[in-house]
Amino acid sequence: MTSSNIESRDSFLEYRKNQEKKILENKNRTSDPLESILTVEINATEMCNRKCLFCPRFDENVYPNRPLHLSVLDMEKIAEALKKIDYKNKISFSGFGENFLNKNFYGIIKITREILPNNLIECNTNGDVLNIDRTKKIFNSGLDCLYINMYDGPEQIKYFEKILSDAKIPKDKFKLRPHWPGLNEEHGLFLNNRSGQANWLKKENEKVKDLAGTPCHYPFYKMFVDWNGDVLFCSNDWAREKIVGNIIKESIRDVWMSKEMKKIRQRLIIGDRSNSPCNTCSVNGRLFAKSSFNLLKNYYENSDNGSH
């Protein structure tokens, strides 16, 4: 795996850190708490065609497939809401399903690009439905970067490289990520238990114990938007325990700065992970976005002191 487009767990982490660094370099930082949002992650579908061992979908009794999809009209409303707050950062179509199983996905990318012409738009896929024409179409719709997660074996490298080459996609527009069985202990991932929803990963229990008393940055920098506009407090909340608002029906500011989000963040600031689902979550949560964590921490401290 010598191609520059093949990403190991550690090299992809470094790539993400550099991505964040560039975002922060290009920002005129203010004390506005909305400046803390560095990523908007969108769940375009509740369908997936795979059942990976490390995913809650592995057990359909825990996480069944459901024919629920983000519509182009709702994506238009979401994009307009982001435009209204002058959001300039990353939009990531990832979430809990396989993006390309949403038949409207090309239209979703297209409307996002039309409304937000300067934002970085990326998406994850298992690549199972990709061919030359579909690859061309998704990039022509406005996608910036495609991350293909390979779950079967190293033979997939040449297969996907040929599709991307034949589609004439520049190498800086895609990444191939190996996750097949036997690759290493954690399938080339920073494995986690999806807030306890993949609880058959017994070794994750030790991570949960080790993380007790430590802060987490996820609710400080990433806004997770579900297929219907609901906002989850964290992208790792696969059980949807805490829905803090809906950005189709409410303003982004009202959702992001809601009383519920404040309570969650103030607990995490002091390392209190005792509330569900944080008390069963094995995610480190401190690999990114210390700047967003500090921005909101300072905002709450100043607000409580009467400065805002």
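The coordinates are above.
Asks: Could you clarify how one ought to interpret the side chain of Asn246 in this entry?
Replies: Of note, Asn246 is situated in strand E8 (residues 243-246). Judged by relative accessible area, which is 4%, Asn246 ranks as buried. Within polar-contact distance, the side chain of Asn246 engages the backbone nitrogen of Ile248 at 2.8 Å. Asn246 has contacts with Asn228, Gly229, Asp230, Val231 and Val255, leaving out every residue within four places of it along the chain.

Asks: Sorry, what's going on with the packing of helix H9 (residues 259-269) against helix H10 (residues 290-304) here?
Replies: When two helices pack together, their arrangement is given by the angle between the helix axes and by the axis-to-axis distance. Close contact between H9 and H10 brings their axes to 11 Å; oriented N to C, the two are set at 110°. When the interaxial angle is binned, H9 and H10 end up roughly perpendicular. Residues Met261, Lys262, Arg265, Gln266, Leu268 and Ile269 of H9 pack against Phe293, Leu296, Lys297, Tyr300 and Asp304 of H10. Within the contact of H9 with H10, the residues separate by chemical class into 6 nonpolar, 1 polar and 4 charged.

Asks: What's the story with the packing of aromatic side chains in this structure? I'm lost.
Replies: The geometry of two aromatic rings is summed up by the distance between their centres and the angle between their planes. All told, the structure shown has 15 aromatic pairs when counted by the stated rule. With a centroid separation of 6.1 Å and 80° between ring planes, the pair formed by Tyr63 and Phe96 is classed as edge-to-face. A residue pair is termed long-range when its members are at least 10 positions apart, and Tyr63 in the loop between strand E1 (39-42) and helix H2 (72-84) and Phe96 in the loop between strand E2 (90-93) and helix H3 (105-115) qualify at 33 residues. Neither residue differs from the other here; Tyr63 and Phe96 are each classed as buried. Aromatic rings pair up to connect Tyr63, Phe96, Phe224 and Trp238 into one cluster. Sitting over the ring of Tyr15, Lys175 keeps its end group 4.8 Å from the ring centre. Arg265 extends its terminal NZ or CZ atom over the ring of Trp256, reaching a point 4.4 Å from the ring centre.

Asks: Honestly, the sheet that holds E2 in this entry has me stumped. Any pointers?
Replies: The pairing of strands in a sheet comes from backbone hydrogen bonds and takes either a parallel or an antiparallel form. If you walk across this open sheet you meet the 8 strands as E5-E4-E3-E2-E1-E6-E7-E8, and the pairing is mixed. This sheet does not close on itself; its edge strands, each paired only once, are strand E5 (174-178) and E8. Strand-to-strand twist of the sheet, defined as the mean angle between neighbouring strand axes without regard to direction, takes the value 25°. Note that E1 and strand E6 (residues 222-225) share 4 bridges and pair parallel. Counterpart to Ile42 in the pairing with E6 is Val225. On the sheet, helix H1 (residues 9-25) packs against E2, strand E3 (121-125), strand E4 (145-150) and E5 and is oriented at approximately 160° with respect to E4.

Asks: It is not clear to me how unusual backbone geometry should be interpreted in this structure. Could you clarify?
Replies: For residues other than glycine, phi is negative in most cases, and the peptide bonds are mostly trans. A cis geometry characterises the amide bond from Ser276 onward to Pro277, with omega recorded as 5°. Turning to its location among the elements, Pro277 is positioned in the loop between H9 and H10.

Asks: When you look at the nonpolar core in this model, what are you seeing that I'm missing?
Replies: Within soluble globular proteins, side chains that are nonpolar generally end up buried alongside one another. With 71 residues, the main nonpolar core has Ile42, Met75, Phe93, Phe105, Leu146, Leu176 and Met223 as its most contacted residues. With 6 residues, H3 is the single largest residue contributor to this core. With sequence-adjacent residues up to four places away left out, Ile42 is seen in contact with Leu70, Met75, Ile78, Ile91, Ser92, Phe93, Ser94, Gly95 and Val225. Listed in part, the 9 residues of the second largest apolar core include Cys52, Phe54, Phe96 and Tyr151.

Asks: Just checking my understanding: could you explain H1 for this structure?
Replies: Every α-helix winds through 3.6 residues per turn, so residues three or four apart in the chain are directed the same way. For H1, which comprises 17 residues, the first-to-last C-alpha distance of 25 Å matches the rise-based estimate of 24 Å (1.5 Å per residue) to within 8%. Residues of H1 that are buried include every one of Phe12, Leu13, Arg16, Gln19, Glu20 and Ile23, and no others. One side of H1 carries all its buried residues, which in axial view fall inside an arc of 120°. For H1, the exposed residues lying more than 90 degrees away from the buried face are Lys21, Lys22 and Glu25. In the core, the buried residues of H1 are packed alongside E2, E3, E4 and E5.

Asks: Could you clarify how one ought to interpret the pattern of salt bridges in this entry?
Replies: Opposite charge on two side chains allows them to pair when their charged atoms are near. Tallied over the full model, the rule gives 16 salt bridges. One salt bridge in this structure joins Glu41 and Lys222, with 3.0 Å as the shortest N-O distance. Linking Glu41 in strand E1 with Lys222 in strand E6, this pair joins segments that are 181 residues apart in sequence. We classify Glu41 as buried; its relative accessible area is 8%. With a shortest N-O distance of 2.6 Å, Lys110 and Glu114 are connected by a salt bridge. Here Glu114 and Lys110 lie together in helix H3, a separation of 4 residues that amounts to about one turn. For Lys110, a relative accessible area of 44% puts it in the partly exposed group. Here the residues in one salt-bridge network are Glu46, Arg66, Asp226 and Arg240, joined through shared partners.

Asks: Which parts of the structure should I look at to understand the side chain of Asn149?
Replies: Relative to the helices and strands, Asn149 resides in strand E4. Classification of Asn149 by relative accessible area gives buried; the value is 7%. Here the side chain of Asn149 touches His179 through a polar contact of 3.2 Å, side chain to side chain. Apart from the residues within four sequence positions on either side, Asn149 is in contact with Asn124, Thr125, Asn126, Arg177 and His179.

The rules behind the values
Residues numbered from 1 in each chain as written. Predicted model: local features only at pLDDT ≥ 70, side-chain atom pairs only at ≥ 80, totals over all residues. Heavy atoms only, no water. Helix = DSSP H or I, 4+ residues; strand = E, 2+ residues; numbered from the N terminus. Buried < 20%, exposed > 50% of the residue type's maximum accessible area, 1.4 Å probe, protein only. Polar contact = N/O pair within 3.5 Å; in protein donor to acceptor, adjacent residues only side chain to side chain. Contact = heavy atoms within 4.5 Å. Axes fitted to C-alpha atoms, helices over the stretch in contact; angles between N-to-C directions. Parallel < 35°, antiparallel > 145°, perpendicular 65-115°, else oblique. Nonpolar A, V, L, I, M, F, W, Y, C, P; charged D, E, K, R; others polar. Phe/Tyr/Trp six-rings, centres within 6.5 Å; stacked < 30°, edge-to-face > 60°. Lys NZ or Arg CZ within 6 Å of the ring centre and 35° of its normal. Pairing = 2+ DSSP bridges. Core = buried A, V, L, I, M, F, W, Y, C linked by side-chain atoms within 4.5 Å. Expected span 1.5 Å × (residues − 1). Arc of directions from axis to C-beta. Salt bridge = Lys/Arg side-chain N within 4 Å of Asp/Glu carboxyl O.

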